[in-house]
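A closer look at the structure
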Amino acid sequence: PSVVYDAGQAQPVANWAVRPRPNQGLGMALLVLGALLPLGDIFRATTAPAAVHAYEAAAAEGRDPAQVITAYGASALLYFLLLVPTWIVGSLWLSRARENAALIAPDRVRLSAVWAWLGWWVPIVFLWFPKLIVDDSWRITSSAAAAGARGRYRGTGLWWGLWIAYLFAGKLASNPAIQKRIMGINNGHQGVVAALDIAVLLGILAFAAWVPVVRGLSQAQTELARSYGSVVT
């Protein structure tokens, strides 16, 4: 039989499989992993000048700059390796958030479950799909749970605007034509920007705006799980 939720009374239900589940554990893991990405950006930016110097010295000596090993190169590799676990944990967190919201008000959830995973990557839709899922999940949860100050829904436009700006700034900074004409980067520089670029600053700001979003939605969903008698993990 189907289960009908009374969000106002928040009575526990017999079927544990369909109870809302807490989301703070995944939220915390997401913030830890997410913090490593801007830290990686900062480390790459601080090691970039030394890398450029090493590449230029190698070119002057007739060596191939691509064969030069630098801290910048190692940090860039580590950054990309962090993207996969961050995407997995972030998608798990967003998927659970959407699942909890769908238990309460399935007609108010605008996107299917698969977009909690693919919405970050699919061209064009990555510009707004993740934000839609976050907004739907947080609004529904906040309206159904006795959310405290942290768990109440707040606008996510600042976070999302900074995130999109960060993505586009990174794309522009890695474009060879822009690197050559605007930044004065030649082939010997291996695409390394010697100065701290705007994408790094946008990444830091985007993460700072992301923290209250993750904490707020996670808190609201954990409070919802408590109201239904779920065990908090």
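As a starting point, this report considers the structure included with it.

Cut-offs applied
Residues numbered from 1 in each chain as written. Predicted model: local features only at pLDDT ≥ 70, side-chain atom pairs only at ≥ 80, totals over all residues. Heavy atoms only, no water. Helix = DSSP H or I, 4+ residues; strand = E, 2+ residues; numbered from the N terminus. Buried < 20%, exposed > 50% of the residue type's maximum accessible area, 1.4 Å probe, protein only. Contact = heavy atoms within 4.5 Å. Areas by Shrake-Rupley, 256 points an atom, 1.4 Å probe, with all protein chains shown as cover. Core = buried A, V, L, I, M, F, W, Y, C linked by side-chain atoms within 4.5 Å. Salt bridge = Lys/Arg side-chain N within 4 Å of Asp/Glu carboxyl O. Phe/Tyr/Trp six-rings, centres within 6.5 Å; stacked < 30°, edge-to-face > 60°. Axes fitted to C-alpha atoms, helices over the stretch in contact; angles between N-to-C directions. Parallel < 35°, antiparallel > 145°, perpendicular 65-115°, else oblique. Left-handed = near helix turned anticlockwise from the far one by under 90°. Nonpolar A, V, L, I, M, F, W, Y, C, P; charged D, E, K, R; others polar. Expected span 1.5 Å × (residues − 1). Bend = angle between axes of the 7 residues up to and from the residue.

Notes on the overall build of the protein chain
- Of the regular secondary structure elements, the protein chain holds seven helices and zero strands.
- In the protein chain, the succession of helices and strands from N to C terminus is α-α-α-α-α-α-α.
- Relative to its full complement of 233 residues, the protein chain shows a buried share of 43%.
- In the protein chain, once contacts between residues fewer than 6 apart in sequence are set aside, the share between residues at least 24 apart is 76%.
- Approximately 12,200 Å² of the protein chain is accessible, and the part contributed by carbon and sulfur atoms is 67%.

A look at the nonpolar core
- With 34 residues, the main nonpolar core has W93, V134, W159 and W210 as its most contacted residues.
- The greatest single-element share of this core, amounting to ten residues, is contributed by helix 7 (residues 198-227).
- Discounting residues that sit within four places of it in the chain, W93 has contacts with N23, L26, G27, L30, V134, W210, V214, L217 and S218.
- Formed by eight residues, the second largest nonpolar core is a distinct cluster that contains I104, I140, L224 and Y228.

A few points about the pattern of salt bridges
- Overall, the coordinates contain five salt bridges when judged by the stated rule.
- Between D136 and R110 there is a salt bridge, with the nearest N and O atoms lying 2.8 Å from each other. A residue pair is termed long-range when its members are at least 10 positions apart, and D136 in helix 4 (residues 129-144) and R110 in the loop between helix 2 (71-104) and helix 3 (115-118) qualify at 26 residues.
- D136 sits in the buried class, given a relative accessible area of 7%.

A look at the side chain of D41
- Positionally, D41 belongs in helix 1 (residues 24-60).
- Setting aside residues no more than four positions away along its own chain, D41 makes contact with Y79, Y166 and V200.

So, the side chain of T70
- Looking at the element boundaries, T70 is found in the loop between helix 1 and helix 2.
- A relative accessible area of 14% places T70 in the buried class.
- With residues near it in sequence (within four places) discarded, T70 still touches A51, A54 and Y55.

Let's talk about the packing of aromatic side chains
- Throughout the structure, instances matching the rule amount to eleven aromatic pairs.
- Taking 5.6 Å as the distance between ring centres and 80° as the angle between the ring planes, the aromatic pair formed by W87 and W117 counts as edge-to-face. Of this pair, W87 sits in helix 2 while W117 is found in helix 3, placing the two residues 30 residues apart along the sequence.
- With a relative accessible area of 27%, W117 lands in the partly exposed category.
- Taking the centre distance of 6.4 Å and the plane angle of 70° together, the rings of W87 and W121 count as edge-to-face. Taken together, the positions of W87 in helix 2 and W121 in the loop between helix 3 and helix 4 put the pair 34 residues apart, joining distant regions of the chain.
- On the accessibility criterion, W87 (26% relative accessible area) is partly exposed.

Focus on the packing of helix 1 against helix 2
- Relative orientation of the contacting elements helix 1 and helix 2 amounts to 160°, with a least axis distance of 9 Å. With respect to each other, helix 1 and helix 2 are oriented roughly antiparallel. Of the two elements, helix 1 crosses helix 2, and the hand of that crossing is left-handed.
- Taken together, the residues of the contact of helix 1 with helix 2 sort by class into 19 nonpolar, five polar and three charged.

A word on the packing of helix 5 (residues 157-173) against helix 7
- Relative to each other, helix 5 and helix 7 sit at 155°, their axes nearing to 8 Å. On the basis of their axis angle, the class for helix 5 and helix 7 is roughly antiparallel. The chirality of how helix 5 crosses helix 7 is left-handed. For the pair helix 5 and helix 7, contact is made by L158, W159, L162, W163, A165, Y166, A169 and G170 and by I198, A199, L202, G203, L205, A206, A209, W210 and V213, respectively.
- Residues of the contact of helix 5 with helix 7, tallied by class, amount to 15 nonpolar, two polar and no charged.

Here's the deal with helix 1
- The terminal C-alpha atoms of helix 1 lie 54 Å apart, and with 37 residues this matches the ideal 54 Å at 1.5 Å per residue to within 8%.
- Residue A48 marks the point of greatest curvature in helix 1, where the axis turns by about 40°; the proline P49 follows within four residues.
- Looking one or two residues past helix 1, G62 carries a phi angle of roughly 85°, positive in sign.

Treat this as a map of the structure, not an account of what it does.
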